[in-house]
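The residues making up each chain are set out below.
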Amino acid sequence: MMKYQIRAENDMGIRIDKYLAGYFEDLTRNHIQKLLDEELVTVNGKPVKASCKISEGDMIEVTVPDAREPDILPEDLSLDIVYEDNDIVVVNKPKGMVVHPAPGHYSGTLVNGLLYHCRGSLSGINGKMRPGIVHRIDMDTTGLLVACKNDYAHNFIAEQLKIHSSTRKYQAICYNSIKEQEGTVDAPLGRHPTDRKRMAINRKNGKNAVTHYRVINNYNNYSHIECCLETGRTHQIRVHMASINHPVLGDDLYGPKNCPYNLQGQTLHAGVLGFVHPSTKKYVEFEAPLPDYFVKLLNIISAAK
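In this report, we go over the structure that sits alongside the text.

Quick notes on the rules
In every chain, residue numbers begin from 1 and rise along the written sequence. Reporting in this predicted model follows two pLDDT cut-offs: at least 70 for local features of residues, and 80 or more for side-chain atom pairs to be given and counted; totals over whole chains, interfaces and linings ignore these cut-offs and use all residues. Side-chain metrics rest on all non-hydrogen atoms present in the structure, leaving aside hydrogens and water. In DSSP terms, a helix is any run of H or I states spanning at least four residues, a strand is any run of E spanning at least two, and both are numbered starting from the N terminus. Burial classification: accessible surface area is computed with a 1.4 Å probe over protein chains only, and a residue below 20% of its type maximum counts as buried, one above 50% as exposed, and the rest as partly exposed. We call two residues contacting when some pair of their heavy atoms lies within 4.5 Å. To measure how exposed things are, a 1.4 Å probe is used in the Shrake-Rupley method; for residues, cover is taken only from the protein chains shown. Note on pairing: DSSP must find at least two bridges between two strands before they are called paired. To get an axis, fit a line to the C-alpha atoms, keeping to the stretch in contact for a helix; angles then go from 0 to 180 degrees between the N-to-C directions. The length a helix should cover is 1.5 Å for every residue beyond the first. When we speak of the arc, we mean the arc of directions from the helix axis to the C-beta atoms. Any N or O atom pair separated by 3.5 Å or less is treated as a polar contact, with the protein-specific requirement of one donor-capable and one acceptor-capable atom, and with residues adjacent in sequence counted only for side-chain atom pairs. Salt-bridge detection follows one rule: a side-chain nitrogen of Lys or Arg within 4 Å of a carboxyl oxygen of Asp or Glu. Between the rings of Phe, Tyr and Trp (Trp by its six-membered ring), a pair exists once the centres lie within 6.5 Å; its type follows the angle of the planes, with under 30 degrees stacked, over 60 edge-to-face, and the other angles tilted.

Tallying secondary structure elements over the protein gives 6 helices and 15 strands in all. Across its three principal directions, the C-alpha atoms of the protein cover 60 × 50 × 35 Å. Buried residues in the protein amount to 46% of all 305 residues. For the protein, long-range pairs separated by at least 24 residues make up 66% of all intrachain contacts whose partners lie at least 6 apart in sequence. For the protein, the exposed area adds up to about 16000 Å²; of that, 47% sits on carbon and sulfur atoms.

Set out below in structure tokens:
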């Protein structure tokens, strides 16, 4: 159980539920409402409802009970294994698969499949909810991830991700033709100030984020591009490309709500992944072909050029 004491400053008139949603990035609105209903949120020593408006100087106390992690069960998900040895397993993740368990997704995740495939031989550094997971890609992004079977391999690859020495190349279809053949978006990213599901460019408090892109082909209203990540922030490509008026096709979080094609999320594919192997100390690189839906969409768009 964790207790937080917060002194409100320059926050007059804000509802307590909205204030806490902005303060706690890891708590959902539903979780905050549950804390309020159970009288685990007090203002100046008294339990309050969600509609309570705070004033400057108010003392807010929030008690967050310890979460009970559910048992994560192995599942035979017939993973697309690109490469495997005693240290690592490289997987080509399909569209619609969540990488690790989270509220609402405790089965059918990549972790469920890895637990079955690897018979539980996965690194434990990221805890029981994320065994073997060193990095992640979004649910509707396809392509390559590396998972680790022991803690040494995990630390070795995680360090490369941290210092940005690994190779990560994505392909995307974006709205609007891009005039320049290549370019770079260098803009720090942080959590959106009012919508915790979104990321946003934050030049004051955001984390460094750099995306290099090059045009593979331009069409009438779209561009097929490759993005090379210098950093790996949450939603990085999606936010960066939207910021220069080229949101990823199908991305209704950062782009137009009404996509002209019947798509499940953004057209984004992690096609190339490279790093120094933890045992051989040699650079290895893996590729995953574009998924069928992506190829078919390119054919439709090019035919309409």
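There's more to say after this.
Let's shift gears to the sheet that holds strand 2 (residues 41–43). Read across the sheet, 4 strands follow the order 1-4-2-3 without closing on themselves; strand pairing throughout is antiparallel. Either end of the sheet is taken by a strand with one partner, and the two such strands are strand 1 (2–7) and strand 3 (46–47). Both strand 2 and strand 3 contribute to a ladder of 2 bridges, which runs antiparallel. If you follow V43 over to strand 3, its bridge partner there is K46. Against the sheet, helix 1 (residues 16–23) makes contact with strand 1, strand 2 and strand 4 (59–64), and its axis sits at roughly 65 degrees relative to strand 4, the strand it touches most. Packed on one face of the sheet, helix 2 (residues 29–37) meets strand 2 and strand 4 and runs near 105 degrees to strand 4.

Attention shifts here to helix 4 (residues 151–162). Between its terminal C-alpha atoms helix 4 stretches 16 Å, which fits the 16 Å expected from 12 residues at 1.5 Å a residue. Of the positions making up helix 4, those classed as buried are A153, H154, I157, Q160 and L161. Viewed end-on, helix 4 has its buried residues packed into an arc of 130 degrees, placing them on one side of the element. Among the residues trailing helix 4, H164 stands out with phi positive, at a value near 65 degrees.

On to the pairing of strand 7 (residues 142–148), then. Burial analysis of strand 7 places 7 of its 7 residues in the buried class, which makes it a mostly covered element. Of the pairings in the sheet, the one linking strand 6 (residues 88–93) to strand 7 comprises 6 bridges and is antiparallel in character. Counterpart to K93 in the pairing with strand 7 is G143. Where strand 7 lies against strand 14 (residues 268–276), 2 bridges are found, and the strand directions are parallel. In the sheet register, T142 faces strand 14, and the bridge partner there is H269.

Right, let's get into the side chain of K149. Mapping K149 onto the fold places it in the loop between strand 7 and helix 4. A distance of 2.9 Å separates a polar side-chain atom of K149 from the backbone oxygen of D85. Look past the residues within four positions of K149 in its chain and what remains in contact with it is E84, D85, N86, D87, I88, V89, C118, S121, L122 and S123.

Among the residues of helix 2, I32, L35 and L36 are the ones counted as buried. Looking down the long axis of helix 2, one finds its buried residues gathered within 100 degrees of arc, a one-sided arrangement. Looking at the buried residues of helix 2, the elements they touch are helix 1, strand 2 and strand 4. One or two steps after helix 2, the chain reaches E39, where phi turns positive at roughly 55 degrees.

Turning our eyes to something else, we now look at the pattern of salt bridges. Think of it this way: side chains of opposite charge can pair up when their charged atoms draw near. Inspection of the entire model under this criterion finds 8 salt bridges. With its nearest N and O atoms 3.7 Å apart, the salt bridge here joins R136 to D138. Salt bridges linked by common partners bring R136, D138, R238 and D251 together as one network.

Here Q171 shows up in strand 8 (residues 167–175). Looking at Q171, the relative accessible area reads 21%, which means it is partly exposed. Sequence separation between Q171 and I72 is 99 residues, and the spatial gap between their C-alpha atoms is 32 Å. Those residues in contact with Q171 that sit more than four places away from it in its chain are I216, H224, I225, E226, T267, L268, H269, L290 and F294. At 2.6 Å, the side chain of Q171 and the side chain of H224 are in polar contact.

With the rule as written, the count across this model stands at 7 aromatic pairs. Measuring from centroid to centroid gives 5.2 Å for Y83 and F286, while their planes differ by 35 degrees, and the two rings are tilted. Taken together, the residues Y83 in strand 5 (residues 81–84) and F286 in strand 15 (residues 283–287) connect sequence positions 203 residues apart. Taking relative accessible area as the criterion, F286 reaches 10% and is therefore assigned buried.

With that settled, the discussion passes to the pairing of strand 5. Pairing geometry for strand 5 and strand 6, over 3 bridges, is antiparallel. In the strand pairing of strand 6, E84 is matched with V89.

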